[in-house]
Amino acid sequence: MDIFLLIGQSNMAGRGELDEAAPLRHPNIRMFRDGQWLTAEHPLHTDNPETAGTGPGMSFAVELLKEDPSAIIGLIPCAVGGTPLSRWIPGADLYNNAVSTARQALTSGTLKGILWHQGETDSKDRQDAESYAQRLGEMIPTLRTDLAAPDVPFITGELGAFICDYHECDFFEIVNEQLRQLARTVPRYTCVSSAGLKDKGDYLHFDSASLHEFGKRYACEYLKIPAGLEKI
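1. Overview of the packing of aromatic side chains
For any pair of aromatic rings, the description rests on two quantities: the centre-to-centre distance and the angle between the ring planes.
Logical step 1: For the structure shown, the criterion picks out 10 aromatic pairs.
Logical step 2: An angle of 65° between the planes, with centres 6.0 Å apart, marks the rings of Phe60 and Tyr222 as edge-to-face. Taken together, the residues Phe60 in helix 2 (residues 57-67) and Tyr222 in helix 7 (residues 208-224) connect sequence positions 162 residues apart.
Logical step 3: With centroids separated by 5.1 Å and ring planes inclined at 80°, the aromatic side chains of Phe162 and Phe206 adopt a geometry described as edge-to-face. Of this pair, Phe162 sits in the loop between strand 6 (154-157) and helix 6 (172-181) while Phe206 sits in the loop between strand 7 (189-192) and helix 7; the two residues are 44 residues apart in sequence, bridging distant segments of the chain.
Logical step 4: Residue Phe162 is classed as buried on the basis of its relative accessible area of 8%.
Logical step 5: Here the aromatic cluster, defined as three or more aromatic residues joined through ring pairs, consists of Trp88, Trp116, Phe154 and Tyr189.

2. Some remarks on helix 2
Logical step 1: Looking at helix 2, one finds that the buried residues are Gly57, Met58, Ser59, Phe60, Ala61, Leu64 and Leu65.
Logical step 2: Elements in contact with the buried residues of helix 2: strand 1 (2-8), strand 2 (29-33), strand 4 (73-77), strand 5 (110-117) and helix 7.

Rules used in this analysis
- Residues numbered from 1 in each chain as written.
- Predicted model: local features only at pLDDT ≥ 70, side-chain atom pairs only at ≥ 80, totals over all residues.
- Heavy atoms only, no water.
- Phe/Tyr/Trp six-rings, centres within 6.5 Å; stacked < 30°, edge-to-face > 60°.
- Helix = DSSP H or I, 4+ residues; strand = E, 2+ residues; numbered from the N terminus.
- Buried < 20%, exposed > 50% of the residue type's maximum accessible area, 1.4 Å probe, protein only.
- Contact = heavy atoms within 4.5 Å.

Printed below as a string of structure tokens:
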């Protein structure tokens, strides 16, 4: 199984309305939940059952299957809405949970990529925004080491431009620049553009159609990264 770890906050977890986009389901796409692999379907994440919905993970996997229809794709959903980067650094609770869950899941296959979308919470404070690249840049190699996958691709995505109208995220442009600049210093890293994507009406979360498109963009950028030495 080709396995991908999904981490970050609510836009990775998925807050798109389930009835606004055609459901995605494929027998070759699995999700790791409660210690077992199940056929994947939205919502992948259960961090907030009342708001959980469409995310980018399924369309990412579907796009990869277009390149290799025989592949078995495994998704490990570990994102949690409303969380700051400080809870994802080595030693913090969500980091530890992601590593523990991934190690359990990786007995069934090989880690092929880590998908990250986070930063809305850190865009509320200038200091958090301006230190974002440094902190994420320190987390990535440690996560790779802890998962015994030193060369595994790490794919991030920009925050949506619509956040400019969300009154609390004043420094989102700084976070986006920090996300982009990491491509110059972190190997096998790329940042996906959110240009043209729309929110669901709250100026914070991408709508379902945009999340499907975002997942495709993640896949496109992932496929541009040369094959490496990923291993469990």
